[in-house]
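Now for the letters of each chain:
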Amino acid sequence: MSQQFLKLIQRGLAAEVADAVDADPSLVTWRDSQGVSALMASIYSGQTTIRNFILVQIANQGIPLDVFEAAAVGDPAEIAAALEPAPGQLLQLHPNGPIQSFSADGWTALHLAAAFGTPEAVRLLLEKGASVHAVSQNAQKNQPLHAALALGRNPESIQLLLQAGADPNARQVANFTPLFSAAAANRRDLAELLIAHGADPSLTNDFGQTAAACARDRKHTELADWLEPARLA
């Protein structure tokens, strides 16, 4: 049933998910072979209705969120509670404690808050000592700022990360910088924010592209023209 349950979540079949949980309430605590929970699967899949349903079921069963789930949900109170990990919690513990731990699929809580959570969650994690320079332990090999630009795209969260010392020119896999994500999303506001904090539009990725070229490939012509390194020099 577990893999079938995951498919129901990923396909956004909320009624079928509810029926499955009604038949087997333990499904709300199910995790895949990598350790990713049903709640995180709903968040990764962008299934907000199912995410909210699972959150209610978890609360009704009195099950605490782990720090990664709390960060991805974006709830500061849940994050604060989760920073005191319970025995047996699925964490790869870091010497400095859960704030610097990695999830089963290689993210820190700050990555997840930046990608899926709220500015309030990002702010709390930074106040608690989360590192803006932490590199994910998965194929992306990225930092929280990359996650914020690729998924969350919340200007307030991005500003908080930059103010905390995040490197606007940090490289992830294939040498993409955060500016590439702003370009791909056609977000001049985010590109301006990054450049104001020192992002270099002349940097190229492993394919020889600048951020301007990346924007142009996606038909974001106005932004591509604005991002041209020679114009911004």
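The preceding data block contains the structure.
The structure reproduced in this document is the subject of the present report. Please read all numbers here as calculations on a predicted model, not as lab measurements.

A count of helical and extended segments in the chain gives 15 helices and zero strands. For the chain, the C-alpha atoms occupy an extent of roughly 60 × 40 × 25 Å along the three principal directions. Burial statistics for the chain: of 233 residues in total, 48% are counted as buried. Pairs at least 24 residues apart make up 64% of the contacts formed inside the chain by residues separated by at least 6 positions. Carbon and sulfur atoms make up 50% of the accessible area of the chain, which totals about 10600 Å². Charged side chains of the chain number 15 positive and 23 negative; the gap between the two group centres comes to 7 Å.

Before going further, it helps to spend a moment on the packing of helix α7 (residues 109-116) against helix α8 (residues 119-127). It is at 8 Å that the axes of α7 and α8 come closest, and there the two elements cross at 160 degrees. By the angle between their directions, the pair α7 and α8 is classed as roughly antiparallel. The two elements α7 and α8 cross, and the hand of that crossing is left-handed. Only Ala121, Val122, Leu125 and Leu126 of α8 make contact with α7, whose side of the interface consists of Ala109, Leu110, Ala113 and Ala114. Its residues placed into classes, the contact of α7 with α8 shows eight nonpolar, no polar and no charged.

This paragraph deals with the environment of glutamate 222. If you trace the backbone, glutamate 222 turns up in helix α14 (residues 221-227). Through-space distance from the C-alpha of glutamate 222 to that of serine 131 is 35 Å; in sequence the pair is 91 residues apart.

Right, let's get into the side chain of asparagine 142. For asparagine 142, the position within the fold is in the loop between α8 and α9 (144-152). A polar atom in the side chain of asparagine 142 sits 3.4 Å from the side chain of glutamine 172. Non-local contacts of asparagine 142, meaning those with residues more than four positions away in its chain, are made with Trp107, His111, Ala134, Val135, Ser136, Ala147 and Gln172.

For the structure shown, the criterion picks out seven salt bridges. With its nearest N and O atoms 3.0 Å apart, the salt bridge here joins glutamate 156 to arginine 123. In this pair, glutamate 156 is assigned in helix α10 (residues 155-163) and arginine 123 in helix α8, connecting sequence segments 33 residues apart. Given a relative accessible area of 37%, glutamate 156 falls into the partly exposed group. Here arginine 216 and aspartate 225 are joined by a salt bridge, their closest N and O atoms 3.0 Å apart. By relative accessible area, arginine 216 is classed as partly exposed at 33%. On the basis of relative accessibility, which here comes to 40%, the residue aspartate 225 falls in the partly exposed class. One network of salt bridges, with partners in common, ties together Arg31, Asp66 and Glu69.

Parameters at a glance
- Chains are numbered independently. Their residues run from 1 in the order of the written sequence.
- In keeping with the model being predicted, local features are shown solely for residues with a pLDDT of at least 70 and side-chain atom pairs are shown and tallied solely at 80 or more, while totals for entire chains, interfaces and linings include all residues.
- As a rule here, side-chain values cover all heavy atoms of the structure and leave hydrogens and water aside.
- For helices the rule is a DSSP run of H or I covering at least 4 residues; for strands it is a run of E covering at least 2, with both sets numbered from the N terminus onward.
- Exposure is judged per residue with a 1.4 Å probe applied to protein chains only, and the accessible area is read against the type maximum: over 50% gives exposed, under 20% gives buried, and values in between give partly exposed.
- Contact between two residues is taken to exist if any of their heavy atoms lie within 4.5 Å; hydrogens are not considered.
- Per-residue and other accessible areas follow the Shrake-Rupley method at a 1.4 Å probe size, with only the shown protein chains counted as cover for residues.
- In summary, the charge assignment counts Lys and Arg as positive and Asp and Glu as negative, without counting His or the chain termini.
- In this description, the location of a charge corresponds to atom NZ of lysine, CZ of arginine, CG of aspartate or CD of glutamate.
- All axes here are fitted lines through C-alpha atoms, helices being fitted over the stretch that makes contact, and every angle between N-to-C directions spans 0 to 180 degrees.
- Here roughly perpendicular refers to angles of 65 to 115 degrees, roughly parallel to angles under 35, roughly antiparallel to angles over 145, and oblique to all remaining angles.
- Crossing chirality is assigned from the near helix's rotation relative to the far helix, an anticlockwise turn below a right angle marking it left-handed and a clockwise turn marking it right-handed.
- Basically, the charged four are Asp, Glu, Lys and Arg, the nonpolar ten are Ala, Val, Leu, Ile, Met, Phe, Trp, Tyr, Cys and Pro, and anything else, Gly included, counts as polar.
- Pairs of N or O atoms within 3.5 Å make up the polar contacts considered here, provided that, within protein, one atom can donate a hydrogen while the other can accept it, and that residues adjacent in sequence are counted only when both atoms are side-chain atoms.
- Salt bridges are defined as contacts in which a side-chain nitrogen from Lys or Arg sits within 4 Å of a carboxyl oxygen from Asp or Glu.

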